[in-house]
Amino acid sequence: MGLEAVCPATWQGGAGEVKALLESRELTLRGEVRRIVPVATITAVAVEGDDLVLATPDGPLILTLGADTATRWARKLTTPPPTLAQKLGVGPAAPVLVIGTADDPALAAALKGAVAATPAEARLALAVVRGVADLERAVAAYAALPAGAALWIVHGKGPKTPFGETPVRAWMRAAGFMDTKISAVSDTLSATRYNLR
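The model shown is predicted, which means the values in this text are computed figures rather than measured ones.

Caption draft 1: How the structure looks around the overall build of the chain. Summing up its helical and strand segments, the chain has five helices and twelve strands in all. On C-alpha atoms alone, the chain measures out to a radius of gyration of 21 Å, which is more than a quarter above the 16 Å that the 2.2 N^0.38 rule sets for 197 residues. When its C-alpha atoms are laid out on the principal axes, the chain stretches across 60 × 35 × 30 Å. Classification of the 197 residues of the chain by burial places 41% in the buried group. Looking at the chain alone, contacts between residues at least 24 apart form 50% of all its contacts between residues at least 6 apart. Of the accessible surface of the chain, which amounts to about 10600 Å², a share of 56% is contributed by carbon and sulfur atoms. Within the chain, one finds 20 positive and 18 negative side-chain charges whose respective centroids are separated by 6 Å.

Set out below in structure tokens:
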């Protein structure tokens, strides 16, 4: 979730009122100063009074946000984003039952060391689906998990995917599940967490 503010900005000798939007990968300025700054290119972050001062490849960028907001933005810029494993809630202490083939490199890396050997050992389930038959298998396998366990459905991402978020959500809701969270997995996959109603 991004942070947004309307504030004065100074950069490369220019200054003016901007609408600033800070998201996990970029800072976008719209208004009298227009820029998109990839967060990965910001080399230093400081709060000086009411100002957030950023060192960028094109020189210092100063956003006058107020002390509290500048501190909150600095914290967001300096805190590493959660890993995919953290977003999914999987790890050695929270093993996952994998249903289907997790061959996407980002997903495989997130699941490394966190795969349960049996449903009894799993705290949650994750299914990679490409159609309704995969959803049916996922729900059948999920039934063997302890009560209250979550089921992540990994599906195609974007409007051109043949089996993505909308048909998955419709099928899962019809099967008695409610979606509770969504997470990007990679450029081509997303994951939606479901719990039984």
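Caption draft 2: Spotlight on the environment of T10. Here T10 lies in strand β1 (residues 3-11). Using a relative accessible area of 37% as the deciding quantity, one classes T10 as partly exposed. Between the C-alpha atom of T10 and that of T118, which follows or precedes it by 108 residues, the distance is 57 Å. When residues no more than four places from it in sequence are discounted, the contact partners of T10 are A15, P60, L61 and I62.

Caption draft 3: Layout of the nonpolar core. Within the largest apolar cluster, 23 residues are counted, with the highest numbers of intra-cluster contacts made by V18, L27, L29, L52, L63, L65 and W73. Sorting the residues of this core by element identifies β1, β2 (14-22), β3 (26-31), β6 (51-56), β7 (59-64) and α1 (67-78) as the ones contributing at least two each. Residues within four places of L63 in sequence aside, it is in contact with C7, P8, A9, V18, A20, L27, L29, D50, D51, L52 and W73. Judged by nonpolar contacts, the second largest core, of 19 residues, contains I99, Y142, I153 and M172.

Caption draft 4: Highlighting a positive patch on the surface. A cluster of basic residues, R25, K87, K157 and K181, forms a positive patch on the protein surface. Within the secondary structure, K181 sits in strand β11 (residues 177-184).

Caption draft 5: Focus on the pattern of salt bridges. Considering all chains together, one arrives at six salt bridges under this definition. For D134, the salt bridge identified is with R137, shortest N-O distance 2.3 Å. With D134 and R137 both in helix α4 (residues 132-142), this residue pair falls three residues apart, about one helical turn. The class of D134 is buried, set by a relative accessible area of 18%. On the accessibility criterion, R137 (49% relative accessible area) is partly exposed. Salt-bridge contacts for R169 lead to D179; the nearest nitrogen and oxygen are separated by 2.9 Å. Separated by ten residues along the polypeptide, R169 in helix α5 (residues 165-174) and D179 in strand β11 bring together distant segments of the chain.

Caption draft 6: Here's a closer look at the packing of aromatic side chains. Tallied over the entire structure, the rule returns one aromatic pair. A centroid spacing of 5.4 Å and a plane angle of 65° characterise the contact between Y142 and F177, whose relative ring orientation is edge-to-face. Taken together, the positions of Y142 in helix α4 and F177 in strand β11 put the pair 35 residues apart, joining distant regions of the chain. With respect to burial, Y142 and F177 carry one shared label: buried. The ring of W11 carries the charged tip of R35 above its face, separated from the ring centre by 4.8 Å.

Caption draft 7: Structural detail: the sheet that holds strand β9 (residues 124-128). Taken together, five strands build an open sheet; the order of strands is β8-β9-β10-β12-β11 and the sheet is mixed. Only two strands of the sheet have a single neighbouring strand rather than two, namely β8 (96-99) and β11. Across the sheet, the axes of successive neighbouring strands diverge by a mean angle of 25°, strand direction being ignored. Pairing of β11 with strand β12 (residues 189-196) involves seven bridges; the strand directions are antiparallel. Residue pairing across strands places A184 opposite S190, the latter belonging to β12. Along the sheet, α4 makes contact with β8, β9, β10 (151-156), β11 and β12, crossing β8 at roughly 150°.

What counts and how
Residues numbered from 1 in each chain as written. Predicted model: local features only at pLDDT ≥ 70, side-chain atom pairs only at ≥ 80, totals over all residues. Heavy atoms only, no water. Helix = DSSP H or I, 4+ residues; strand = E, 2+ residues; numbered from the N terminus. Rg over C-alpha atoms; globule rule 2.2 N^0.38 Å. Buried < 20%, exposed > 50% of the residue type's maximum accessible area, 1.4 Å probe, protein only. Contact = heavy atoms within 4.5 Å. Areas by Shrake-Rupley, 256 points an atom, 1.4 Å probe, with all protein chains shown as cover. Lys, Arg positive; Asp, Glu negative; His and termini not counted. Charge placed at Lys NZ, Arg CZ, Asp CG, Glu CD. Core = buried A, V, L, I, M, F, W, Y, C linked by side-chain atoms within 4.5 Å. Patch = residues over 30% accessible without salt bridge, like charges linked within 9 Å, V, L, I, M, F, W, Y side chains within 5 Å. Salt bridge = Lys/Arg side-chain N within 4 Å of Asp/Glu carboxyl O. Phe/Tyr/Trp six-rings, centres within 6.5 Å; stacked < 30°, edge-to-face > 60°. Lys NZ or Arg CZ within 6 Å of the ring centre and 35° of its normal. Pairing = 2+ DSSP bridges. Axes fitted to C-alpha atoms, helices over the stretch in contact; angles between N-to-C directions.

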